[in-house]
Amino acid sequence: MKEIVCKLLVIGAGPGGYICAIRAGQLGVDTVIVEMTKAGGTCLNVGCIPSKALIHAAEEFDKVRHMASHNALGITVEAPKLDLAQTIRWKDGIVGRLNSGVLGLLRKAKVKIVHGRARFRDGKTVEVETETGTQVIRAETVVIATGSEPVALPSLPFGGAVLSSTEALSLASVPKTLAVVGGGYIGLELGTAFAKMGAQVTVVEAMAQILPQYDADLVKPVAKRLNDLGVRVMTGAKAKGYAGEALEIETSSGKGERIAADKVLVTVGRKPRTEGWGLEELDLDRVGRFIRIDERCRTSMRGVYAIGDVTGEPMLAHRAMAQGEMVAEIVAGRKRTWDKRAIPAVCFTDPEIVTAGLSPDEARAQGYEVRVGLFPFNANGRAMTTQSEDGFVRAVARADTNLVLGLQAVGAGVSELSSSFSLALEMGARLEDIAGTIHAHPTRSEGLQEAALKALGHALHI
Ligand code: FAD
């Protein structure tokens, strides 16, 4: 049995783990990272990147299809065709390039990479079954970055026609009919993409609203677009099983219904990967199924940290990366603590939704008296010239000091506003700071400036 002794062992090379290992390596910490599948984790291989590639391809196809039938711009095209197998090869090419990039960055930072599944022997020792035998790794400090996996419904186990997001990202052809169980961001992003590629899509959501984490104003343009795309959305409905190429559901009124579905995509949430590799025996404190951490990502066991999806919501790649970077610096002896004011969240639906900080209702629930400014994109020149006027930018601030508490937007391409939103919140901006910043014309970002002006009572373009 081979043995490695190191200062830092990172388990899992997703965005949390690989960033932690790279930063630790840069700071001269003797670091080993163990990964059982491919570098980049869920995000790079079966999450953020492949889903956005598919969404882009579907958008392009839909744009051309739309042009062939409703053409206001004076462009003529033949009816387009989509070869999904080629789209998937293109997507796999991007994933492959990024995989190699991550491995290259780890090597450049002098991180030792071990391929295989880690299993805890004790809090500081793991065994890894590699292709060449068992490798034992002992470390002074361990970072658990094992991420999350899709939750299955007992009535709809994965397999055959019942897919998780992972299989949905590698289909060989577009299903004629697709039922999406779970109207959260993953289900809607993929459901919209398949609808644009030509599938007849039905979304079944148990709650009263799709995207239940967002307020109704933000969701309305997304619901409208789904309707325009011919997607049937059933809220308050529960999936009961799949038989005879149909999804069996119970509607909000308690009636049974069968929905024709060649494929069923189940996106009802993700659970932390905490089982089956000896973690149970460490007896770490938990919050529900997630590992409990403090403001430095320390677990209840000395010298054992946890980062990313395994530590709970929001399960987002950029949160995992920020935690990974912080933990690496702490291990290298720097004084760091989690003091982020905002973790932006983007929903890559059509149109996109971006949020950072508090919504008006959340701010009021926290006892703030608020000023809210909302600027609609139908008063924005750039939105008009790109034929996408749905949506708005909204600014929420304290009524007494004008300190910005939250920023939200829904509209085409608003994901790119996320950095302005986070920067404003991190820097403690007031409405006047945003209103007084020159925003380039004509851009959608002018909507942010106008929303701040509106909250101050003197919007210029509305
Ligand atoms: P993961 O990325 O899950 O990585 C964990 C790694 O640990 C995996 O590679 C796994 O193989 C490895 N591992 C687990 N156990 C062991 C073991 N015992 N031994 C060795 N290795 C092990 N987030 C966003 O911010 N933006 C998005 O647009 C977005 N889109 C998404 C779309 C989809 C379809 C999905 C499913 C997720 C999406 N996410 C998105 C979420 C994002 O992918 C996760 O938040 C992120 O990957 C979490 O990073 P992580 O490092 O915590 O874990």
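What counts and how
- Residues numbered from 1 in each chain as written.
- Predicted model: local features only at pLDDT ≥ 70, side-chain atom pairs only at ≥ 80, totals over all residues.
- UniProt positions renumbered as here; feature names shortened; annotations may be inferred.
- Near = placed C-beta within 6 Å.
- Helix = DSSP H or I, 4+ residues; strand = E, 2+ residues; numbered from the N terminus.
- Domains from an automatic or database assignment.
- Contact = placed C-beta atoms within 7 Å.
- Nonpolar A, V, L, I, M, F, W, Y, C, P; charged D, E, K, R; others polar.
- Pairing = 2+ DSSP bridges.
- Axes fitted to C-alpha atoms, helices over the stretch in contact; angles between N-to-C directions.

- Under an unreviewed UniProt entry, the chain has the name Dihydrolipoyl dehydrogenase and belongs to Shinella kummerowiae.
- Checking UniProt for the chain, the heading Catalytic activity (unreviewed entry) contains the comment "N(6)-[(R)-dihydrolipoyl]-L-lysyl-[protein] + NAD(+) = N(6)-[(R)-lipoyl]-L-lysyl-[protein] + NADH + H(+)".
- UniProt, in its Sequence similarities (unreviewed entry) section for the chain, records the words "Belongs to the class-I pyridine nucleotide-disulfide oxidoreductase family."

As for the site of the ligand
- Surveying the vicinity of the ligand reveals 35 residues, the closest of which are Gly12, Gly14, Gly41, Gly147 and Gly308.
- Breaking the shell around the ligand down by element, the ones donating at least two residues are helix H1 (15-26), strand S2 (31-35), helix H2 (41-46), helix H3 (48-69), strand S4 (117-122) and helix H8 (317-331).

Regarding the domain arrangement of the chain
- Each assigned domain of the chain is listed with its residue range as follows: domain 1 (4-55 + 85-149 + 271-331), domain 2 (162-268) and domain 3 (345-456).
- Between domain 2 and domain 3, the C-alpha centre-to-centre distance is 29 Å.
- Taken together, the contacts link 12 residues of domain 2 with 12 residues of domain 3.
- Elements with a minimum of two residues in the side of domain 2 that touches domain 3: helix H6 (185-196) and helix H7 (216-228).
- Top contributing element to the side of domain 2 that touches domain 3 by residue count: H7, with five residues.
- Looking at the side of domain 2 that touches domain 3 residue by residue, the classes come out as seven nonpolar, one polar and four charged.

Considering the sheet that holds strand S9 (residues 177-181)
- Sheet architecture is open: five strands sit in the order S8-S15-S9-S10-S11, paired in parallel fashion. The open sheet terminates on both sides in strands that have one partner only, identified here as strand S8 (162-163) and strand S11 (232-235).
- In this sheet, strand S10 (residues 200-205) lies alongside S9 in parallel orientation, the contact comprising five bridges. Counted as the bridge partner of Val181 is Val204 from S10.
- Contacts between H6 and the sheet are confined to S9, S10 and strand S15 (263-266), with S10 contributing the most and set at about 165° to the helix.

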